[in-house]
Amino acid sequence: MIESFLAITPLYRGAMREVSTKLEVLDEEFQILHDHNPIHHIERRMKTPESIVEKMGRKGVPFTIEALREQILDVAGLRVVCNHIGDIYRLGEMLTAQDDIELVRYSDYIEKPKSSGYRSLHIVVKVPVFLIDRCEKAPVEVQLRSLAMDMWASLEHELRYKSGRWVEDAEARELRRCADDLFDIDRRMHALFEHEDATFAVP
Ligand code: 0O2
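Here the residue numbering is sequential within each chain, running from 1 through the sequence in written order. Local features in a predicted model are, by the rule used here, given only for residues with pLDDT of at least 70; side-chain atom pairs are given and counted only at 80 or more, and totals for whole chains, interfaces and linings are based on all residues. The side-chain figures draw on all heavy atoms in the structure; neither hydrogens nor water molecules are used.

Trainee: Explain helix H2 (residues 9-34) to me, please; I cannot follow it from the model alone.
Mentor: Residue pairs spaced three or four apart in an α-helix point in one direction, given the helix's 3.6 residues per turn. With 26 residues, H2 should reach 38 Å at 1.5 Å per residue; the first-to-last C-alpha distance of 37 Å fits that figure. Count one or two residues on from H2 and you reach Asp-35, which has phi positive near 55°. Here a helix means four or more residues in a row that DSSP labels H or I, a strand means two or more in a row labelled E, and each is numbered from the N terminus. A helix is expected to span 1.5 Å multiplied by its residue count minus one.

Given below as structure tokens:
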């Protein structure tokens, strides 16, 4: 399965580049028209074969290339760190409105955060990639988040996984409080930026 997967990595890598370029184009035009860059920075990553196998095992996905292609949707991933919450939704809308983009999954973990406190907008899109003798669509998972959400996710990930130690209940509660406090700051900054009342609901 991994050998077959390695043969199609240009497809996934190509899809990742296509979507990344689309986002960069949107960011550049937005800057020219509105004097504002919605994107702070973009990180790109391909899931490693080890991580794919681990996820397939965890989710009970059969170890076949067909099942991998159908069920593992985050082989190619983009993390788009935005300047304001409003930018997250604007970019999501502008990207998914494009003719060659097929929306596969839309998970709003900003409106409904994960129990850990994690917030981000996750969008899986399929985009066509032109290869030597064919054109195929491949999925890309786009995680859109604010700078504050990104800071929290990085530090929480480090605490939970890199340190390799168990996170106590009290620490988990404190992490959720930190996530909520950061979200409050995000909303206030967004309100300042959009000249709105900070009590408004996002989006
Ligand atoms: P990596 O290396 O970050 O890509 P899954 O949770 O993967 O089994 P699903 O539906 O495929 O299920 O994905 P989901 O839940 O939409 O998003 C999973 C990804 O979101 C994770 O990727 C993380 O990047 C991020 N994420 C989700 N929950 C949390 C959280 O509580 N804390 C942090 N820091 N990040 C989170 P992976 O698969 O972990 O790997």
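Trainee: Sorry if this is basic, but what is going on with unusual backbone geometry here?
Mentor: For residues that are not glycine, phi is negative in most cases, and the peptide bond is trans in most cases. Its identity as a non-glycine residue notwithstanding, Asp-35 has a phi of 55°, on the positive side. Mapped onto the elements, Asp-35 comes out in the loop between H2 and strand E1 (39-46). Relative accessibility decides the category of a residue: with a 1.4 Å probe and only protein chains considered, values under 20% of the type maximum give buried, values over 50% give exposed, and everything between is partly exposed. When its relative accessible area of 64% is taken as the criterion, Asp-35 is described as exposed.

Trainee: Hey, could you run me through the packing of aromatic side chains in this one?
Mentor: The relation between two aromatic rings is expressed through the spacing of the ring centres and the mutual angle of the planes. Paired rings are identified among Phe, Tyr and Trp, the last through its six-membered ring, by centres lying within 6.5 Å, and are further divided according to the angle between planes into stacked (under 30 degrees), edge-to-face (over 60) and tilted (the rest). Scanning the model with the defined rule gives two aromatic pairs in all. Judged by centre distance (6.1 Å) and plane angle (50°), the ring pair of Phe-5 and Tyr-12 falls under tilted. In this structure, Phe-5 and Tyr-12 share a single accessibility class: buried. Of note, Lys-114 hangs over the ring of Tyr-109, and the distance from its end group to the ring centre comes to 4.7 Å. Here, over-ring charges are defined by two tests on the NZ atom of lysine or the CZ atom of arginine: distance to the ring centre within 6 Å, and angle to the ring normal within 35 degrees.

Trainee: Mind showing me how you'd approach the nonpolar core here?
Mentor: Within soluble globular proteins, side chains that are nonpolar generally end up buried alongside one another. In this text, buried Ala, Val, Leu, Ile, Met, Phe, Trp, Tyr and Cys residues form a nonpolar core when linked through side-chain atoms within 4.5 Å. Core analysis: the biggest nonpolar cluster contains 42 residues, and Leu-23, Val-80 and Val-142 have the highest contact counts within it. Contributions of two or more residues to this core are made by H2, E1, helix H3 (49-59), helix H4 (65-71), strand E2 (76-82), helix H5 (85-96), strand E4 (121-130) and strand E5 (135-146). Of the residues forming this core, the biggest block, seven residues, is contributed by H2. Ignoring any residue separated from it by four or fewer positions in sequence, one finds Val-80 in contact with Leu-23, Ile-39, His-41, Ile-42, Leu-91, Val-142, Gln-143, Leu-144 and Arg-145. Residues Ala-148, Trp-152, Ala-172 and Leu-182 belong to the second largest nonpolar core, which totals nine residues. Only heavy atoms matter for contacts: two residues are in contact if any of them lie within 4.5 Å across the pair.

Trainee: Would you explain the site of the ligand in this entry?
Mentor: The full set close to the ligand counts 16 residues, and Arg-45, Lys-55, Lys-114, Ser-116 and Glu-156 are the nearest of them. Within the side chain of Arg-79, one N or O atom sits 3.4 Å away from an oxygen atom of the ligand. Here a polar contact is taken to be a pair of N or O atoms separated by no more than 3.5 Å, where protein atoms must pair a possible hydrogen donor with a possible acceptor and residues adjacent in sequence count only if both atoms sit in side chains. Within the side chain of Gln-143, one N or O atom sits 3.2 Å away from an oxygen atom of the ligand. All accessible-area figures derive from a Shrake-Rupley calculation using a 1.4 Å probe, and residue coverage is judged against the displayed protein chains alone. Notes on the ligand: free accessible area 730 Å², of which the protein chains cover 73%. Contributing elements (two or more residues each) for the shell around the ligand: H3 and helix H6 (147-162). When residue character is reported, Ala, Val, Leu, Ile, Met, Phe, Trp, Tyr, Cys and Pro are called nonpolar, Asp, Glu, Lys and Arg charged, and the others, Gly included, polar. Taken together, the residues of the shell around the ligand break down into three nonpolar, four polar and nine charged. Residues are counted as near a molecule or strand when any one of their heavy atoms sits within 4 Å of it.

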